Amino acid sequence: MLTLGIDIGSTACKAAIIKDGQEIISRGLIQLGTGTIGPREVFALVLSNAGVSREQIKRVMVTGYGRFTFEEADSQKSELSCHAKGVNFLFPTVRTIIDIGGQDVKILKVSSRGLLENFVMNEKCAAGTGKFLDVMARIVNVRVDELGEIGLRATEEVSISNVCTVFAESEVISKLSANVRIEDLVNGIHRSVAKRVSALAFRNGIIPDVAMSGGVALNKGVVALMEQELKTDIMVHPDCQLAGAIGAAVLAYEELIKDKN
Ligand code: ADP
């Protein structure tokens, strides 16, 4: 039995197809967020990657910031429930999830069954989010997926004192004109994100095991500094950015089973 989860985010659309609630058989990611053709494209992509038609999918669940705009789905659920379930599917021992997406940061506590117990979220501000990193990558003239490796090559850390993205942007430009090494500057940018997110995480308490999800979990520089700030190991799955979509597909399967009984 096949179920499909789709996560319509602020910057990227993700989708996954799961067989019998147990095995991921297809993945899709389109670098376009809500309000674009991203949702339709990722839906078509994940079906074609699996070589199946819409009719072969028993249930589709949608989640994410743009979930109310997608009409192909049979049901919808919040990102919080879907991330909790998705990370539990990837790493069943995880109790604390640090999810850094394009526009928000969430710290979730989950049960051993992947049920959300509580959460904290950032204020409406880009500091500590993927958006902050996207802006900084543009200024230092590298791709966002290159930041992690660049930051890991640093020998020093150029501290960024402004938390606000707009002010930090000016600060980074002035550091660039002072001829600092890009690696050291990127390391400082990552520290700014790690400090901001770990302060939020400490507010909710850290229960091991800890995992990161969302696109920023793919940035190895941020993950390494988060481990330093929180003084704990952090698990990162290669499918970390797809966690919400995977959780939606698993929850769609659970709904089907419940309907049958
Ligand atoms: P949303 O669900 O809000 O669209 P995502 O969880 O997909 O957000 O994360 C998007 C963010 O992840 C981007 O803003 C970017 O900073 C970061 N990101 C995306 N892909 C990568 C990558 N390959 N390496 C490092 N960071 C990435």
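The coordinates are above.
Just so we're clear, the structure is a prediction, and the values are computed from it rather than from any experiment.

J.: Got a minute to help me understand the environment of Met1 in this structure?
T.: Structurally, Met1 can be placed in the segment before strand S1 (2-8). Once residues within four sequence positions are removed from consideration, Met1 is found in contact with Ile18, Lys19, Asp20, Lys58, Tyr253, Leu256, Ile257 and Lys260.

J.: Hey, could you run me through the sheet that holds strand S9 (residues 210-213) in this one?
T.: Strand pairing in a sheet relies on backbone hydrogen bonds. The paired strands run either parallel or antiparallel. Strand order in the open sheet made by the 4 strands is S8-S7-S6-S9, with mixed pairing throughout. Because the sheet does not close on itself, it has two edges, and the strands there are strand S8 (116-121) and S9. Here the average twist between neighbouring strands, direction ignored, is 20°. The pairing of strand S6 (residues 96-100) with S9 spans 4 bridges and is parallel. Note that in S9 the partner of Ile97 across the bridge is Ala211.

J.: It is not clear to me how the pattern of salt bridges should be interpreted in this structure. Could you clarify?
T.: Where charged atoms from two side chains of opposite charge approach closely, those side chains can pair. Taken as a whole, this structure holds 18 salt bridges when the rule is applied. Where Asp259 meets Arg59, a salt bridge forms, and the shortest distance between an N and an O atom there is 3.6 Å. One end of the pair, Asp259, is in helix H8 (residues 243-260); the other, Arg59, is in strand S4 (residues 57-63), with 200 residues separating them in the sequence. By relative accessible area, Asp259 is classed as exposed at 57%. Take Arg59: its relative accessible area is 17%, and that puts it in the buried class. The residue Lys85 makes a salt bridge to Glu254 at a minimum N-O spacing of 3.0 Å. In this pair, Lys85 sits in helix H2 (residues 79-90) while Glu254 sits in helix H8, placing the two residues 169 residues apart along the sequence.

J.: In this structure, what is going on with a nonpolar patch on the surface? I would like to understand it.
T.: Residues Leu116, Phe119 and Met121 make up a contiguous nonpolar surface patch of roughly 230 Å² in combined accessible area. The class of Phe119 is partly exposed, set by a relative accessible area of 37%.

J.: Can you help me understand empty space enclosed by the protein in this one?
T.: Here the idea is plain: a probe the size of a water molecule rolls over the atoms and shows the empty space left. In total, this model carries 1 cavity of 30 Å³ or more according to the counting rule given. One number sums up the size of the largest cavity: a volume of about 40 Å³. If you trace the largest cavity, you find it lined by Val87, Leu90, Phe91, Ala211, Met212, Ser213, Met235, His237, Cys240 and Ala243. Mapped onto the lining of the largest cavity, the elements with two or more residues apiece are H2 and S9. In terms of residue count, S9 provides more of the lining of the largest cavity than any other element does, 3 residues in total.

J.: Is there a simple way to explain helix H5 (residues 165-177) in this structure?
T.: What sets the pattern is the α-helix's 3.6 residues per turn: residues three or four places apart point alike. An ideal rise of 1.5 Å per residue puts 18 Å on 13 residues; H5 measures up with 18 Å between its terminal C-alpha atoms. Of all the residues in H5, the buried ones are Thr165, Ala168, Glu171 and Val172. Along the axis of H5, the buried residues cluster in a sector spanning 115°; they form a single face. Among the exposed residues of H5, those oriented more than 90 degrees off its buried face are Val166, Phe167 and Ser177. Residues of H5 that are buried sit in contact with helix H3 (130-140) and helix H6 (182-204). Within two residues after H5, Asn179 carries a phi angle of roughly 65°, on the positive side.

Parameters at a glance
Residues numbered from 1 in each chain as written. Predicted model: local features only at pLDDT ≥ 70, side-chain atom pairs only at ≥ 80, totals over all residues. Heavy atoms only, no water. Helix = DSSP H or I, 4+ residues; strand = E, 2+ residues; numbered from the N terminus. Contact = heavy atoms within 4.5 Å. Pairing = 2+ DSSP bridges. Axes fitted to C-alpha atoms, helices over the stretch in contact; angles between N-to-C directions. Salt bridge = Lys/Arg side-chain N within 4 Å of Asp/Glu carboxyl O. Buried < 20%, exposed > 50% of the residue type's maximum accessible area, 1.4 Å probe, protein only. Patch = residues over 30% accessible without salt bridge, like charges linked within 9 Å, V, L, I, M, F, W, Y side chains within 5 Å. Areas by Shrake-Rupley, 256 points an atom, 1.4 Å probe, with all protein chains shown as cover. 1 Å grid on protein atoms, 1.4 Å probe; cavity = no way out; pocket = protein on both sides within 12 Å on 5 of 7 lines; lining within 4 Å. Points joined across faces, edges and corners; volume = space filled by probe spheres on them. Expected span 1.5 Å × (residues − 1). Arc of directions from axis to C-beta.

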